[in-house]
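Next come the chains, spelled out residue by residue.
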Amino acid sequence: MLRLLILVLGLAGGIICRAVARQITVAADGSGMFRTVQEAINSLPAHASKQRVIFIKNGTYREQVFIDGKDHITLKGESEKGSIISFALARDAYRCGGNADDWGVATLNMRNSPDVTLENLTIVNSYGFDAAGDVTIDCPVEPSGKKVVSKTGHQMALRTFAGTTRLIVRHCTFRALGGDTVSPWDTEGGMYYFKDCTLEGGVDFYCPRGWAYAENVRFICHNMSAAIWHDGSGNRDSKTVLKNCTFEGDNGFKLGRYHRESQFYLIGCRFPQNMADADIYHATSGPGTPSWGRRVYYSDCHREGGDFAWMKDNLATALGAPTAKQITAAWAFDNRWNPEGKKKDVAKAAAPAATDTTAERMLIYQRTIGGWPKAISEVKVDYKKALTEAEKAAVAAGAARNDATIDNNATTREIRYLVEAFKRTNNAVYRKAAERGIRFLLQMQHKSGGFPQYYPDSSSYRGQITYNDDAMVRALWVLKDVADQKGDFALVDPTLVGPAKQAVQRGISCILRTQYVQNGKLTAWCAQHDRRTLLPTKARAFELPSLSGMETVGILEFLMAVDQPTSEIKLAIKAGVAWLNEVKMPGLTVKLIEDPKQPSGRDRVIVPEAGANVWARFYDLETNKPFYVGRAGEKKPNLADIENERRAGYAYAGTWPEKLLTKAYPKWQHKWENGKSGL
């Protein structure tokens, strides 16, 4: 009897386990397996080959929901109006709490969670509906320590991160009073499908990145700037399609805009009489004119009370001139995914991305940490040189070495080339490699704002702040272009923009603090500064603590590129320029000549020349007198006093400041000293 009871219970347990695998139930009143949606999600293993259904009974669930690293999950409500997940949170307040990114800013948050389905739900960020008005809060990340949180600011009901793709949303309502209500964001791989839904919010309240398809969706806009938005910078083919959708909103609302590369298709949409006469437009606050042009297409779109001119059909001007009938969900996703399950619409996968020979070699040399070496076993890296399969394997095997550097233009050169190669080939692998390089630059920066020559190798002088050969300045130029979203850098991961801005500001602060004070007077910079004391320091035997007539130029050029320079920056520039004028050696020039009598067969000499000016690489920290140092590490007053190998092999003198003093500085001076921003 006992054995029979155990058998019956075992069978029942098996039935229950199989039932749980198919569907689990959430009920706020306790009648389900779980009281909260999050508890139900937490109960599931990370991965499954088939969809796991969490059935959510009617009720209001006041909670934030996180799906993190789990796939094949369906959140299915009992009814769209009855199953409500609601939470109140303003993104500005969340960021003031010390959170560096948007993870946790929405009512429903997802990352690294493909193949999620949402059905019959209402998801609300109620902050704007609940707030009486704007409030001022403490905000340590703001310079003033305070932040005004608007009741119509960014409020996300749905926010997805990279790795959340093939998202299906049917019969769902998303509501917020503020902007970015529905933010599915994976620029490179995101694919999102919305059907028979209602979306309500403020500016850019429907703002997908990547590929998106919305059919029979009702859009309700409470902002005058824009209802819809798209970021398609990850791939030239990515697009947002809106088919048979309807729009409504506050009087004068505008249809849409874009800040970056984008592609809009509006098919059979209907607009209200009270909307603004404003086509989808390029926002001037973006990084610049899109490289792939303006791509906004309409077909059979009409407005109550009469169409505006910009609503006319122009689908024939789109790439491939598709017809409205051809624009299906499968077409929108370039036939890589068909959420409607019509196998006849599924075609071959997209063709392999184009490649670039130099970029492919750069991928091989990239280190695990994200940077690149300048040489391997003393042999300079040459991207023009073809590699055998054995050589490729040997280079790849050294990926974990700690020889990544910014010396001799390494890493910054590769980042710039790969970003440009991505734009040219649309090969996302190149952009990912460039972004890893950018993250390497962010990681290697000292707390002081300075950049070491190598990272993570800090042996000898490699960990010191390195202005030598413009290493730190080149790194800052890359980060400034990222921060400004300049040119091709507008195509990189937008989450890098904020950290890049902060890194540039820290770099400028370091530059200002390392400018050498000589007898109470600001002067110039050394090629290397101690990472802790910030004082000039030694590198190689022939690179002694000094003031540099070469590196100072690159530093000043970077400072002069700062928009709206502070009085401190202006003072640093004026002092540096004054020092360069003070230490120039008039009536002299430097020449590299052939000389068979010398061990190297050539020589470098400083000789008289009327009207010429020359500057030394090294100047004494206290006297400003030029000096020259050979491998013995001894200061000499004349270039001819050191060994030929160094004279001919190292730039001890040059005309580096010439253009800065005669062209760049006068132009900067006219702009910032003679104008309203002058000292």
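Quick look at the structure, then. None of the values given here were measured: they were computed from a predicted structure.

1. Considering the overall build of the protein
The helix and strand inventory of the protein stands at 15 helices and 39 strands. Classification of the 679 residues of the protein by burial places 53% in the buried group. Put simply, 66% of the contacts in the protein that link residues at least 6 apart link residues at least 24 apart.

2. Some details on the pattern of salt bridges
Inspection of every chain in the model, using the stated rule, returns 40 salt bridges. Residues Arg294 and Asp279 are paired through a salt bridge, measuring 2.9 Å at the closest nitrogen-oxygen approach. With Arg294 in the loop between strand E24 (281–282) and strand E25 (296–299) and Asp279 in the loop between strand E23 (270–271) and E24, the pair connects residues that are 15 residues apart, well separated along the chain. The exposure class of Asp279 is partly exposed, given its relative accessible area of 22%. A salt bridge links Asp484 to Lys480; the shortest N-O distance between them is 2.8 Å. Here Asp484 pairs with Lys480, and both are found in helix H10 (residues 471–484), just four residues apart, close to one helical turn. The exposure class assigned to Lys480 is buried, which follows from its relative accessible area of 16%.

3. Some thoughts on the pairing of strand E1 (residues 23–26)
Looking at chain direction, E1 and strand E2 (residues 52–56) are connected through four bridges and run parallel. Each residue of the ladder has a partner; that of Gln23, found in E2, is Val53. Between the parallel pair E1 and E2, the chain is carried across by helix H2 (residues 37–42), and the sense of this crossover is right-handed.

4. A word on the pairing of strand E19 (residues 240–243)
Burial of E19 is two-sided: the residues Thr240 and Leu242 facing one way and the residues Val241 and Lys243 facing the other way are all buried. Direction of pairing for strand E16 (residues 211–215) relative to E19: parallel, over a ladder of four bridges. Bridged to Ala212 within E19 is Thr240. Two elements, E19 and strand E22 (residues 264–267), share four bridges in a ladder whose sense is parallel. Bridge pairing in E22 places Lys243 opposite Ile267.

5. A word on the sheet that holds E24
The sheet built from three strands is open, its strands ordered E18-E21-E24 with parallel pairing. What marks the edges here is a single partner per strand, and that holds for strand E18 (228–229) and E24.

6. Focus: the state of the cysteines
Where two cysteines share a covalent bond between their sulfur atoms, that bond is called a disulfide. Applying the stated criterion across every chain, the model contains one disulfide. Among the cysteines around Cys197, which has no disulfide bond, Cys172 carries the closest sulfur, lying 5.2 Å off. Assessed through its relative accessible area of 3%, Cys197 is described here as buried. Cys269 carries a free sulfur, and the closest cysteine sulfur to it, the one in Cys301, is 4.5 Å from it.

7. Considering helix H9 (residues 428–444)
The terminal C-alpha atoms of H9, which comprises 17 residues, lie 24 Å apart, in line with the 24 Å expected from a rise of 1.5 Å per residue. Every buried residue belonging to H9 is among Tyr430, Arg431, Ala433, Ala434, Glu435, Gly437, Ile438, Phe440, Leu441, Leu442 and Met444, and all of these are buried. Residues of H9 that are buried in the fold lie against helix H6 (357–365), helix H8 (412–425), H10 and helix H11 (497–514). A distance of 3.1 Å separates the backbone nitrogen of Val429 from a side-chain oxygen at the start of H9, and that oxygen is part of Asn427.

8. Here we look at the sheet that holds strand E4 (residues 65–68)
Taken together, four strands build an open sheet; the order of strands is E4-E7-E11-E13 and the sheet is parallel. A strand with exactly one partner marks an edge of an open sheet, and here the two such strands are E4 and strand E13 (182–184). Pairs of neighbouring strands in the sheet enclose a mean axial angle of 5 degrees, with direction left out of account. Sheet analysis places strand E11 (residues 156–160) next to E13, joined by three bridges and oriented parallel. Bridge pairing links Arg159 to Ser183 in E13.

9. Structural notes on the environment of Arg336
Within the secondary structure, Arg336 is located in the loop between helix H5 (329–332) and H6. C-alpha of Arg336 to C-alpha of Met191: the two residues are 145 residues apart in sequence and 9.5 Å apart in space. Apart from the residues lying within four places of it in its own chain, the contact partners of Arg336 are Met191 and Trp211.

10. A word on unusual backbone geometry
Cis geometry is found at the peptide bond from Tyr455 to Pro456, where omega equals 10 degrees. With respect to the helices and strands, the residue Pro456 is situated in the loop between H9 and strand E29 (465–466). A positive phi angle, close to 50 degrees, is found at Asn112, a residue other than glycine. With respect to the helices, strands and loops of the structure, Asn112 is situated in the loop between strand E7 (106–111) and strand E8 (116–125). You will see that Asp196, though not glycine, has its phi angle at about 55 degrees, which is positive. Relative to the helices and strands, Asp196 is located in the loop between strand E14 (191–195) and strand E15 (198–201).

11. A short note on the environment of Leu479
On the secondary structure map, Leu479 appears in helix H10. Between the C-alpha atoms of Leu479 and Val497, which are 18 residues apart in sequence, the distance is 8.5 Å. Setting aside chain neighbours within four positions, we find Leu479 in contact with Ile438, Leu441, Leu442, Phe451, Ala500, Ala503 and Val504.

12. Thoughts on the packing of H9 against H10
Contact geometry for H9 and H10: axes closest at 11 Å, N-to-C directions at 120 degrees. One element, H9, and the other, H10, form an angle in the oblique class. Crossing handedness for the pair H9 and H10: left-handed. Contacts from Ile438, Leu441 and Leu442 in H9 reach Ala475, Val478, Leu479 and Val482 in H10. Looking at the contact of H9 with H10 residue by residue, the class counts come to seven nonpolar, no polar and no charged.

13. Quick word on the packing of aromatic side chains
A complete count under the given rule lists 27 aromatic pairs for this structure. An angle of 85 degrees between the planes, with centres 5.1 Å apart, marks the rings of Trp477 and Phe558 as edge-to-face. Separated by 81 residues along the polypeptide, Trp477 in helix H10 and Phe558 in helix H12 (residues 551–560) bring together distant segments of the chain. The class for Trp477 is partly exposed, based on a relative accessible area of 27%. Looking at Phe558, the relative accessible area reads 0%, which means it is buried. Note that Arg336 overlies the ring of Trp211, its terminal NZ or CZ placed 4.1 Å from the centroid. Sitting above the plane of the Tyr454 ring, Arg462 keeps its charged end 3.9 Å from the centroid.

14. Quick look at the side chain of His230
Tracing the chain through its elements places His230 in the loop between E18 and E19. Overall, the relative accessible area of 0% leaves His230 in the buried class. Here the side chain of His230 touches Gly210 through a polar contact of 2.8 Å, landing on its backbone oxygen. Separated by 3.2 Å, the side chain of His230 and the backbone nitrogen of Gln263 make a polar contact.

15. Some remarks on H11
The end-to-end C-alpha distance of H11 is 26 Å, a good match for the 26 Å that 18 residues give at a rise of 1.5 Å each. Residues Val497, Ala500, Ala503, Val504, Gly507, Ile508, Cys510, Ile511, Leu512 and Thr514 constitute the buried set of H11. Each element contacted by the buried residues of H11 is listed here: H9, E29, H10, strand E32 (528–529), H12 and helix H13 (567–583).

What counts and how
Residues numbered from 1 in each chain as written. Predicted model: local features only at pLDDT ≥ 70, side-chain atom pairs only at ≥ 80, totals over all residues. Heavy atoms only, no water. Helix = DSSP H or I, 4+ residues; strand = E, 2+ residues; numbered from the N terminus. Buried < 20%, exposed > 50% of the residue type's maximum accessible area, 1.4 Å probe, protein only. Contact = heavy atoms within 4.5 Å. Salt bridge = Lys/Arg side-chain N within 4 Å of Asp/Glu carboxyl O. Pairing = 2+ DSSP bridges. Right-handed = clockwise from strand over helix to strand, strands pointing away. Disulfide = S-S within 2.5 Å. Expected span 1.5 Å × (residues − 1). Polar contact = N/O pair within 3.5 Å; in protein donor to acceptor, adjacent residues only side chain to side chain. Axes fitted to C-alpha atoms, helices over the stretch in contact; angles between N-to-C directions. Parallel < 35°, antiparallel > 145°, perpendicular 65-115°, else oblique. Left-handed = near helix turned anticlockwise from the far one by under 90°. Nonpolar A, V, L, I, M, F, W, Y, C, P; charged D, E, K, R; others polar. Phe/Tyr/Trp six-rings, centres within 6.5 Å; stacked < 30°, edge-to-face > 60°. Lys NZ or Arg CZ within 6 Å of the ring centre and 35° of its normal.

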